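Coordinates in review
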Amino acid sequence: MSLRFPQKLWKMLESAKFQSIWWSESGKCLAINRDLFELEVLSREGQQVFHTQKIKSFMRQLNAYGFTKVQQNFQRSASLPEFLAEEAAASAHSQILYYYNPSFNRERPWLLETCKRR
């Protein structure tokens, strides 16, 4: 039996094999380094994890299973040098995509069964 999309995602997150996808600190969101994910996961020859090579299709799949994109909020500094440094960090950080699904939680693996396609 082949694994459903949520189970494949879970296995990736629990595996040390992938550097481009990981649990957020709280374990309630998954984080994806977009560029690295495209290289490491989607462009694999012969051993594809998901049936796509396009990040947009992968994101549509996330949405189909009830994942929502989460914005990371940054507190901005008042001083210009600090603000500019934070902007640079935030732009590097913008390659990181965060997705949340109430049925996809590191601390509650049994909820994975309730993670269904809409």
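See above for the structure.
Figured I'd write up the structure that's included with this text. As the structure is a prediction and not an experimental result, all values here were calculated from the model. (Residues numbered from 1 in each chain as written. Predicted model: local features only at pLDDT ≥ 70, side-chain atom pairs only at ≥ 80, totals over all residues. Heavy atoms only, no water.)

**Side note on the nonpolar core**
Basically, it comes down to this: Only buried residues count toward a nonpolar core, which is a set of Ala, Val, Leu, Ile, Met, Phe, Trp, Tyr and Cys residues joined through side-chain atoms within 4.5 Å. Think of it in three bands: with a 1.4 Å probe and only protein chains considered, a residue is buried below 20% of the maximum accessible area for its type, exposed above 50%, and partly exposed in between. Elements are defined by DSSP. Helices are runs of H or I of four residues or more, strands are runs of E of two residues or more, and each kind is numbered from the N terminus. Whether two residues are in contact is decided by their heavy atoms, any of which lying within 4.5 Å being enough.
Counting residues in hydrophobic clusters, the biggest one holds 26 residues, and the most contacted among them are L9 and F37. Elements with a contribution of two residues or more to this core: α1 (5-14), β1 (21-23), β2 (29-33), α2 (34-42), α3 (55-64) and β4 (96-100). The biggest single contributor to this core is α1, with 5 residues. Dropping the residues within four chain positions of it, F37 is found in contact with M12, S20, I21, I32, L42, F50, I55 and F58.

**A look at the pairing of β2**
How we decide: The pairing criterion is simple: DSSP has to find at least two bridges between the two strands.
Here β2 lies mainly inside the structure; 4 of its 5 residues are buried. Sheet topology note: the β1/β2 ladder contains 3 bridges and is antiparallel. Bridge pairing in β2 links I21 to I32. Direction of pairing for β2 relative to β4: antiparallel, over a ladder of 5 bridges. Bridge pairing links I32 to L97 in β4.

**Quick notes on the packing of aromatic side chains**
So the rule is basically this: Classification of ring pairs uses Phe, Tyr and Trp, with its six-membered ring standing for Trp, and accepts pairs whose centres are within 6.5 Å; under 30 degrees between planes counts as stacked, over 60 as edge-to-face, and the remaining range as tilted.
In this structure the tally under the stated criterion is 9 aromatic pairs. Seen in terms of ring centroids, F5 and F50 are 5.2 Å apart; in terms of plane orientation they differ by 50°. Their pairing is tilted. With F5 in helix α1 and F50 in the loop between α2 and α3, the pair connects residues that are 45 residues apart, well separated along the chain. Here F50 falls in the buried class, since its relative accessible area comes to 5%. Relative to F58, the ring of F5 has its centre 5.6 Å away and its plane inclined at 55°; by these criteria the two rings are tilted. Of the two residues, F5 sits in helix α1 while F58 sits in helix α3, which places them 53 residues apart along the sequence. Take F5 and F58: they sit in the same class, and that class is buried. Put simply, the rings of F5, F37, F50, F58 and Y65 touch in pairs and so form one group of aromatic residues.

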